[in-house]
Amino acid sequence: MFDSLTHRVEVAGPTGDRFAEILTPAAIDFVVKLDNAFAGRRSELLDARRTRREKLQSGEQPLGFLPETQAVRNDPTWRVAESAPGLEDRRVEITGPTDRRMTVNALNSGAKVWLADFEDATSPTWHNVIDGQLNLFDAIRRNIDFTTEAGKRYVVGDEPATIVARPRGWHLVEKHIRIDGRPVSASLVDFGLYFFHNARQLIARGSGPYFYLPKLESHLEARLWNDVFLLAQRELGIPRGTIRATVLIETITAAFEMDEILYELREHAAGLNAGRWDYIFSVIKNFSSHGADFVLPDRAQVTMTVPFMRAYTELLVRTCHKRGAHAIGGMAAFIPSRDPEVNATALEKVRQDKEREAGDGFDGSWVAHPGLVPVCREVFDTVLGGWPNQLGKLREDVEVTAEDLLDVASAGGEVTEAGVRANINVALRYIDAWLGGTGAAAIHNLMEDAATAEIARCQVWQWIRNGTKLEDGTVLTRELAVEFLDDELASVRADLGEGTRLDDAYAIFTETALGEKLPSFLTTSAYARYLTDLR
Ligand SMILES: CC(=O)SCCNC(=O)CCNC(=O)[C@H](O)C(C)(C)COP(=O)(O)OP(=O)(O)OC[C@H]1O[C@@H](n2cnc3c(N)ncnc32)[C@H](O)[C@@H]1OP(=O)(O)O
Ligand SMILES: O=CC(=O)O
Ligand SMILES: [Mg+2]
């Protein structure tokens, strides 16, 4: 228990090895200052999200470019800040959770940037949150080398990737830190602890405090982040404009506000990223009750080349380059395999994905695994030639309308029984892993994380709600989905054996995919109920 000047602050989580080095009174005080300044605005913006979504879902409000910010979009004169040290060349970025082994492996992967993830790839147990901070703290100070019990040595090499931390989104709370009995925003905890401990060290070492900002739904949320940055820099005496943020455009509403988001953050903005998985999730969620024209086919058929996804990525490149910001591509879910045939297919799929992005003008892209760094690098090396990026490729040929972004029917395709079963199977396996503390997992040769699991459960909900016909003419009813769920549970249980959390995964799936209402996120209630016993 800490007493700041005016607040009662409780740090309630179990204490682990060296946690006190992160949870110092000064660091907690810094988080309290952020909370004091921004908790109210955060909750107003979350209310605004709810209202907007209800209006969208009821058909009361159409989605389009905002009339009130037209001047920002039309003004050709403003640009974002210059690239900061270590962020000029972002041709390959590796993403992943912040456990100790992965931290060293990511830094050594040969990627230019490591997205150190507290979001989609992390199950936010208290241990993962604070241990992740410790690993970053040690990595930044080059104090992380270790040897496993089996004798394998992990040593950070001479040219480690630039670290860009991704705090959790605005929708999540951290229940283990409470101010006056109220849980603190998880975004402010992840950002605040990382910035407080590391900003000065990073600058002294020729890098800087850099962030990826996830799941924004509007430019007002970007404005909130910008104000967080201004306060944080002021508090620590760090020059204004030192922070750099790359914003994930991964909601359908943010796709209509790309210019505005860059504008709000312009003195701190480094770029935008096309976060395809949450984007698909957001499209399904917002138009889940809009009828057949908004029903997406089996997940495997929603590729990046279907017209409405292509429109989104091309608009992103055009918007970024007009403003001098980097456009970063997203994550192909294919990962290396020990099976040579599966491996060759995965590498080829990733190559095609990166070739499309590099050809479209992206400045770099994400990979999920060190084994994919070479293919991404090779593709971007070829297109970039001697340049560090493609900022000069303005893509003025791109014209994207609101109709293009909303032309969900352009995906075509069909819904199959195999597709429904695959979603259920993957969701059960992923939620089981997440409950066990693993936030990204290899399932059926694909990378799965919180965003892809959200797609899996939302699709099932949407298909039932719309009485979708499977390819054999059968209508997907709730009863049929329950039959599939029971079958898949039995099969996954047989496969995984003892010691799983499958009963809880089943309950979470039932609540978030088969209920009357579609919950906004599966992670919010699952976190409160299963990842913490604090009420
Ligand atoms: C929608 C989005 O937000 S995408 C971004 C969020 N998702 C992610 O970041 C996923 C990141 N990727 C991963 O977590 C992993 O690659 C997985 C879970 C998909 C597969 O992991 P594994 O099954 O452990 O892969 P595999 O056994 O092939 O790993 C081989 C080695 O590579 C390392 N490795 C694998 N992926 C990564 C990574 N992303 N970063 C660092 N090291 C990695 C493993 O630690 C392992 O190292 P070791 O030999 O020292 O033990
Ligand atoms: O965060 C990335 C995504 O695709 O979602
Ligand atoms: Mg995401």
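Residues numbered from 1 in each chain as written. Chains lettered and ligands numbered in written order. Predicted model: local features only at pLDDT ≥ 70, side-chain atom pairs only at ≥ 80, totals over all residues. Heavy atoms only, no water.

So, about the UniProt feature "domain: Malate synthase TIM barrel" (unreviewed entry) in the protein. Those places that UniProt annotates as "domain: Malate synthase TIM barrel" (unreviewed entry) correspond, in this numbering, to residues 162-407. Spanning residues 162-407, this segment combines 46% helix with 15% strand, and its end C-alpha atoms are found 37 Å apart. (UniProt positions renumbered as here; feature names shortened; annotations may be inferred. Helix = DSSP H or I, 4+ residues; strand = E, 2+ residues; numbered from the N terminus.)

Let us look at the coordination of the magnesium ion (ligand 3). For the magnesium ion (ligand 3), the protein coordination sphere consists of Asp120 (OD), Glu250 (OE) and Asp278 (OD), at 2.0 to 2.2 Å. Counting gaps between the donor residues of the magnesium ion (ligand 3) yields the pattern D-x129-E-x27-D. Placement of the pair is Asp120 in the loop between β4 (113-117) and α5 (126-140) and Glu250 in the loop between β11 (244-249) and α8 (252-255), with a sequence separation of 130 residues. Like Glu250, Asp120 is buried. (Donors = N, O, S within 2.8 Å, 3.2 Å for Na, K, Ca; no water. Buried < 20%, exposed > 50% of the residue type's maximum accessible area, 1.4 Å probe, protein only.)

Counted under the stated rule, the structure contains 2 cavities of 30 Å³ or more. Approximately 120 Å³ is the volume attributed to the largest cavity. Secondary-structure elements contributing two or more residues to the lining of the largest cavity are α10 (276-286) and α16 (450-465). No other element matches the 3 residues that α16 contributes to the lining of the largest cavity. Its residues assigned to classes, the lining of the largest cavity comprises 8 nonpolar, 3 polar and 6 charged. A volume near 80 Å³ is recorded for the second largest cavity. Forming the boundary of the second largest cavity are Lys215, Glu217, Glu250, Thr251, Thr253, Asp278, Phe281, Ser282, Lys285, Asn286 and Phe521. Top contributing element to the lining of the second largest cavity by residue count: α10, with 5 residues. Residues that form the lining of the second largest cavity fall into these classes: 2 nonpolar, 4 polar and 5 charged. (1 Å grid on protein atoms, 1.4 Å probe; cavity = no way out; pocket = protein on both sides within 12 Å on 5 of 7 lines; lining within 4 Å. Points joined across faces, edges and corners; volume = space filled by probe spheres on them. Nonpolar A, V, L, I, M, F, W, Y, C, P; charged D, E, K, R; others polar.)

The biggest cluster of nonpolar side chains holds 124 residues, and the ones touching the most others in it are Phe191, Phe195 and Ile249. For Phe191, the residues in contact, after removing those within four places along its chain, are Leu34, Pro167, Phe211, Trp225, Val228, Phe229, Ala232 and Ile243. Counting 38 residues, the second-largest nonpolar core is a separate cluster that includes Ile424, Val460, Leu470 and Leu522. (Core = buried A, V, L, I, M, F, W, Y, C linked by side-chain atoms within 4.5 Å. Contact = heavy atoms within 4.5 Å.)

Around ligand 2, the structure places Asp120, Arg166, Leu248, Glu250, Gly275, Arg276, Trp277, Asp278, Trp366 and Ala451. A distance of 2.9 Å separates an oxygen atom of ligand 2 from a polar atom in the side chain of Asp120. Within the side chain of Glu250, one N or O atom sits 3.0 Å away from an oxygen atom of ligand 2. Counting residues per element, the shell around ligand 2 draws most heavily on α10, at 3 residues. Looking at the shell around ligand 2, its residues break down into 4 nonpolar, 1 polar and 5 charged. (Near = heavy atom within 4 Å. Polar contact = N/O pair within 3.5 Å; in protein donor to acceptor, adjacent residues only side chain to side chain.)

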